[in-house]
Amino acid sequence: MTWEPVIGIEVHVELLTSSKMFCGCRVSFGDPPNTNVCPTCLGLPGSLPVPNRRAIEWLVKIGLALNCRINEWSVFHRKNYFYADLPKNYQISQYDHPVCVDGWLDVSGPDGAFRVGIERAHMEEDTGKSIHLGEGGRIHSATQTLLDFNRAGVPLVEIVSKPDIGTPPRARAFAQELREVILTLGVSDARLEEGSMRFDANVSLRRPGGPLGTKVEVKNMNSFRSLERALGYEIDRQRKLLEAGREVVQETRHWDEEAGVTQGMRTKEVSSDYRYFPDPDLVPIVVDTAWRERIAAELPELPAQRRARYLDQGVDPQTASVLSASEPDLRNLYDQAVEAGADPRTTALWVTGEITAALRRDEQLRLPAGGELAELLTLIEQGTVSASAAKEVLAGMLAGEGGAREVAERRNLIQISDSDALSEVVDTVLAENPDAVERYRAGEGKVLGFLVGQVMRATGGRADPRLVNRLLAERLG
Amino acid sequence: MSTPTIAEANRLFEEGLLDPVELLSEVLHRASLTEAELHAYLTIDHEGARRRAEAAAERLARGERRGPLDGIPIALKDNLCTKGVETTCASQILAGWVPPYDATAVARLQEAGAVLVGKTNLDEFAMGSSTENSAYGPTRNPWDTERVPGGSSGGSAAAVAVGSAVAALGSDTGGSIRQPAALCGVVGFKPTYGLVSRYGLVAFASSLDQIGPITRTVADAGMLFEVIAGHDPLDATSYPGQVPRWDAELDAGVGGVRIGLVRELSGDGIDPEVAEVCRRVLDLLSDQGAQVVEVSLPTVEVALSAYYLVAPAECSANLARFDGIRYGLRVPGDTVSETMGRTRAEGFGPEVTRRILLGTYALSAGYYDAFYLQAQRVRALVVQDFAEAYQKADVLVSPTSPTTAFPLGAKVADPLAMYMSDVCTIPSNLAGHPAISLPVGLDSAGLPIGLQIMAPALGETLLFRVAAEVERVAGFDARPRLAEGMP
């Protein structure tokens, strides 16, 4: 008998608002510890939280992008638990009245398209960071723990999927798609390795069509790859347990990237009692129709819409996905070049290929304007520069040497298509290689390639190869 | 001379008969005479007060006074954050803690030129009705030092009563301004919830806490209220609209005003002498043309139970931050959680511990609906009760406290009896309505009796109008023993 995995994903996204969720402190990563703090985010006695309207607006954006219903009226709750990096020993979060509920996200996975339900998306505040000194950097072996509250109070959106995901690759595809949505909305830098986007997974096994099994929460997956691997491992572990007639224990497990295993953290014998209650320091969040509609009207084109448009424009599916997941600057470059008349398919290939590769080598490079890229592609199409010379032209453009034609001319990369000029070179090459000429005439056809190569070399690669072939054929014929 | 009221001090300043430095000296002199017996203050900021008094004196000399509070020595309950001045909430857990910022109400007093004298004693974290729950020892009642001054703002009320402050700020969660004002023979006013910013008030129960003045006269309370009230962007529950004018109808009298005596707060459980004095005042108001009616607030008794669930529930979370990690007392343990546990066990007194446990229990899974949620339903009923009562009356009155000041230690061992002290004052907190207590007479033991006047939300204009008339007709001019016969 087979087992069917059931996976739900919980995502935390730190919003890149200019100030924190409930105070005016800057949201900024990598600053010296405890420099972006004030009485409120330190939880000093007497301090009070005041909600950041922009953060709520961004949460509504996320909710709309995930096809959620936006509650007109929602409430901040206090989630009570004691932890050293939680300044008030409660976290302001949302409980039974979150801002966004009941949405979905369509994902194209490795095995086709699928839809993942979104249970809810709500607003909360991040905690500070504990830095454990001593062996291993983990709390159990720490000799001393330092606290940095720069992150405390950073707006955090929690998105909870329905347990709709059947396989680890699908979980990964969902996570990637969600990240693309977040990046497109411009509300977070969504860096997994820095923790500004964090994924936890709930996973259980059941018989197809049977009741849900006991779920295990898996944490500490800092990349899409580790998300997929951790789920694969965990499903395997649970399957072995069940097949051996043993039970899965409800617990939270920690993914150990190096060992490639999940490890139990603490057993959840009973679910923690967070004693949620409405935060009396805050009034309900009201998102009225006018506000919601204004936010909806300002939504950018979402990744799925974008990919569909690329396909309509004639871009192949693979390139469309890569382009859609590219940085906004690159996507804008594509749009502008196409608008300037360039062929979408070719443009997409150049943007996701050469240009992306060049940027990866050197982030300082200046992207060409759309019109400039269109010009380059026209030069290629017209045979004015060869495909290989075009890469050099591009390099010049990215280095700020000017427009496509300007660079091609300055770098002497214009293809020689003038038969008079080429004839002279061809004649010289023939004169200098009597052996080759003789062998060709004796029927050794492949020598022609050698002669073409000599002409190309003599022109520094600028000769139009088709023309060279024709001229040689005429002379030798 | 005796310590003047704010209004008197203003007249003396203007006539050149007094300046802020002299007034501060007078107030500090009174403190030096009374503190050993009274213990109204936890901290007196001699240096800061002198500096501010001198600045106020210069402004007075230049004719640049900022308003009626400029140069007036004011005491602050020690749960209001004061930048650079220790703020303890009368708890061991905050011993030595010096806030890096001022509460909004404190900052507004400073801007108005007030001279902040020091920090007054309270029940630890404002939890109590007698100021006996202070980790630094009780404050005593200036009318009879064997008795309590009420609480939790007992230090502020006692200081104003003896003149070791001209006026004071307190905080009122279930009566903590009004009840000690009543027991000390002074005026205590709790404004409509949201009119005074709570920013910088160390929270007890956030949905009930409200800062307000304790003064000798109704007009003094109004002047203080005017300065500290108003929208504050740092408090999300702060009322964004216009603050009602306290003095808009001050001299209008009570002709035609419907005054409702709350039936449930005037019979059983109320000391007969207290009830009698209150009724006499109503007769006097009636003589002035008021229409006195009897109204019913059927839920007042369950209101007390609801309060003792809502307030502890909120306090259980509000006080969670005192864990020894970032500030205040730390009692080290082997692990972080042991450190937190030990710090809290040693740092909090018994009443605070009791309420945290009560509140934690009320919020726990399986009990939330039966306790916290049920209490919120009762709270909604109280609001409804008031709404119905205000169909029949424009303001409501009752005794402020069921009894006059009780002896020290009398109710310490019986929390329920102590909780009953707040039965008259709690409904206004649950509803968020304004209420004022003012002295209207003495009982046979010579202890002051307070009358409470309640009004609907934002009804301050009418409340002060009625209070001014009560003050006039009651003609209360007795002074406590500790303030008498002083040089």
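Once a new chain begins, its residue numbering starts again from 1 and follows that chain's sequence as written. Labels are handed out in written order, letters beginning with A for the chains and numbers beginning with 1 for the ligands. With pLDDT at 70 or above as the cut-off, local features in this predicted model cover only qualifying residues; side-chain atom pairs require 80 or more to be listed or tallied, and sums for whole chains, interfaces and linings still use all residues. With hydrogens and water excluded, all non-hydrogen atoms of the structure serve as input to the side-chain values.

## Comments concerning the interface of chain A and chain B
Then, number 1: Opposite the 32 residues of chain A that make contact, chain B presents 38 residues.
Then, number 2: The junction of chain A with chain B conceals about 2600 Å² of combined surface from both sides, 62% of it contributed by carbon and sulfur atoms.
Then, number 3: Here a salt bridge means any side-chain nitrogen of Lys or Arg lying within 4 Å of a carboxyl oxygen belonging to Asp or Glu. Arg-198 of chain B serves as the salt-bridge partner of Asp-281 of chain A, at 3.1 Å between the closest nitrogen and oxygen.
Then, number 4: Polar contacts, as used here, are pairs of N or O atoms within 3.5 Å; protein pairs need one atom able to donate a hydrogen and one able to accept it. Residues neighboring in sequence count only if both atoms are side-chain atoms. Remark: the boundary between chain A and chain B carries 15 residue pairs in polar contact (both at pLDDT 80 or more). Note on definitions: a residue-residue contact is assigned when non-hydrogen atoms from the two residues lie within 4.5 Å. Buried area is a sum: the accessible area each of two parts loses on coming together, probed at 1.4 Å, counted once for each and added.

## Focus: the nonpolar core
All names here are of chain B.
Then, number 1: We define the nonpolar core as a collection of buried residues of types Ala, Val, Leu, Ile, Met, Phe, Trp, Tyr and Cys that are connected through side-chain atoms lying within 4.5 Å of one another. For every residue, the accessible area obtained with a 1.4 Å probe (protein chains only) is divided by the maximum for its type, and the residue is called buried under 20%, exposed over 50%, and partly exposed between those limits. In terms of nonpolar packing, the biggest core is built from 149 residues, with Ile-74, Leu-109, Phe-125, Leu-396 and Ile-453 touching the most fellow members.
Then, number 2: If you tally residues by element for this core, the top one is helix α9 (residues 300–318), at 10 residues.
Then, number 3: Aside from chain neighbours lying at most four places away, what touches Phe-125 is Cys-89, Ser-91, Ile-93, Leu-94, Val-202, Phe-204, Leu-319, Phe-322, Phe-348 and Val-352. Secondary structure elements are defined from DSSP: runs of H or I of at least 4 residues count as helices, runs of E of at least 2 residues count as strands, and each element is numbered from the N terminus.

## A word on the pattern of salt bridges
Then, number 1: As enumerated under the stated definition, the model contains 65 salt bridges over all chains in all.
Then, number 2: Among the salt bridges present, the one from Glu-180 of chain A reaches Arg-307 of chain A, with a minimum N-O distance of 3.7 Å. Of this pair, Glu-180 of chain A sits in helix α2 (residues 168–185) while Arg-307 of chain A sits in helix α5 (residues 303–312), placing them 127 residues apart in sequence.
Then, number 3: Overall, Glu-180 of chain A belongs to the buried group, its relative accessible area being 12%.
Then, number 4: Exposure remark for Arg-307 of chain A: the relative accessible area of 12% places this residue in the buried category.
Then, number 5: Among the salt bridges present, the one from Glu-54 of chain B reaches Arg-50 of chain B, with a minimum N-O distance of 3.7 Å. Taken together, the positions of Glu-54 of chain B and Arg-50 of chain B, both in helix α3 (residues 46–62) and four residues apart, correspond to about one turn of that helix.

## Thoughts on the layout of surface pockets
Residue and element names in this part refer to chain A.
Then, number 1: Buriedness of a pocket was judged along seven lines, with at least five required to meet protein on both sides within 12 Å; pockets are open sets of points on a 1 Å grid over the protein atoms alone, cavities are sets where a 1.4 Å probe fits but cannot get out, and lining residues have an atom within 4 Å of a point. Grid points are joined across faces, edges and corners, and a volume is the space filled by probe spheres set on the points. There is about 1400 Å³ of room inside the second largest pocket.
Then, number 2: In terms of lining, the second largest pocket is formed by 38 residues, of which the most central are Arg-179, Leu-183, Ala-325, Ser-326 and Glu-327.
Then, number 3: Those elements giving two or more residues to the lining of the second largest pocket turn out to be β6 (100–109), α2, α5, α6 (317–324), α7 (328–339) and α8 (344–361).
Then, number 4: The dominant element in the lining of the second largest pocket, judged by the number of residues it contributes, is α2, at eight residues.
Then, number 5: Tallied by class, residues from the lining of the second largest pocket come to 14 nonpolar, 10 polar and 14 charged.
Then, number 6: The split into domains, and so the bounds of each, comes from an automatic or database assignment of domains. Residue assignment places the lining of the second largest pocket across two domains, with domain 1 (4–294) and domain 2 (301–410) each supplying three or more. Residue polarity follows a fixed list, in which Ala, Val, Leu, Ile, Met, Phe, Trp, Tyr, Cys and Pro are nonpolar, Asp, Glu, Lys and Arg are charged, and the others, Gly among them, are polar.

## Examining the confidence of the model for chain B
Then, number 1: Summarising the model, chain B shows a mean pLDDT of 96, and 99% of its residues fall at 70 or more.
Then, number 2: For this predicted complex, the interface score ipTM comes out at 0.96, while the overall pTM is 0.90. The predictor's confidence in any single residue is recorded as pLDDT, a number from 0 to 100.

## Overview of the packing of aromatic side chains
How two aromatic rings sit relative to each other is given by the distance of their centres and the angle of their planes.
All names here are of chain B.
Then, number 1: When the centres of two rings from Phe, Tyr and Trp lie within 6.5 Å, Trp using its six-membered ring, the rings pair. Their planes under 30 degrees apart give stacked, over 60 give edge-to-face, and anything left gives tilted. Under the counting rule described, the total for this entry stands at 26 aromatic pairs over all chains.
Then, number 2: Seen from their ring centres, Trp-143 and Phe-476 are 6.2 Å apart, and the 50° between their planes marks the pair as tilted. With Trp-143 in the loop between β3 (115–120) and α5 (154–162) and Phe-476 in the segment after α15 (460–474), this residue pair connects regions lying 333 residues apart in the sequence.
Then, number 3: Under the relative-accessibility criterion, Trp-143 is labelled buried at 10%.
Then, number 4: Note on Phe-322 and Tyr-327: the rings are 6.2 Å apart at their centroids and 75° apart in plane angle, and the pair reads as edge-to-face.
Then, number 5: Judged by its relative accessible area of 3%, Phe-322 is buried.
Then, number 6: An aromatic cluster is defined as three or more aromatic residues linked by ring pairs; in this entry it consists of Trp-97, Phe-125, Phe-322, Tyr-327 and Phe-348.

## A closer look at the sheet that holds β3 of chain B
Residue and element names in this part refer to chain B.
Then, number 1: Each pair of strands is called paired provided DSSP finds at least two bridges between the two strands. The strand order across the open sheet formed by 11 strands is β1-β3-β2-β4-β6-β5-β10-β11-β9-β7-β8, and the pairing between neighbours is mixed. A strand with exactly one partner marks an edge of an open sheet, and here the two such strands are β1 (41–44) and β8 (291–295). For this sheet, the mean angle separating the axes of adjacent strands, direction not counted, is 30°.
Then, number 2: Both strand β10 (residues 435–442) and strand β11 (residues 448–454) contribute to a ladder of seven bridges, which runs antiparallel. Bridging across to β11, Ile-436 finds its partner in Ile-453.
Then, number 3: Each axis is a line fitted through C-alpha atoms, taken for helices only over the stretch in contact, and angles between the N-to-C directions span 0 to 180 degrees. On the sheet, helix α2 (residues 20–38) packs against β1, β2 (73–77) and β3 and is oriented at approximately 20° with respect to β3.

## Things to note about the packing of α5 of chain A against α6 of chain A
Two numbers describe a pair of packed helices, the interaxial angle and the distance between the axes.
All names here are of chain A.
Then, number 1: The N-to-C vectors of α5 and α6 enclose an angle of 140°; their axes lie 9 Å apart at closest approach. Judged on the interaxial angle alone, α6 and α5 are oblique. Note on packing geometry: the crossing formed by α5 with α6 is right-handed. Counted together, Pro-303, Arg-306, Arg-307, Tyr-310 and Leu-311 of α5 and Pro-317, Ala-320, Ser-321, Leu-323 and Ser-324 of α6 form the full contact between these two elements. Convention used here: angles under 35 degrees read as roughly parallel, angles over 145 as roughly antiparallel, angles from 65 to 115 as roughly perpendicular, and any remaining angle as oblique. By convention, the crossing between two helices is left-handed when the near helix turns anticlockwise from the far helix through less than a right angle, and right-handed when the turn is clockwise.

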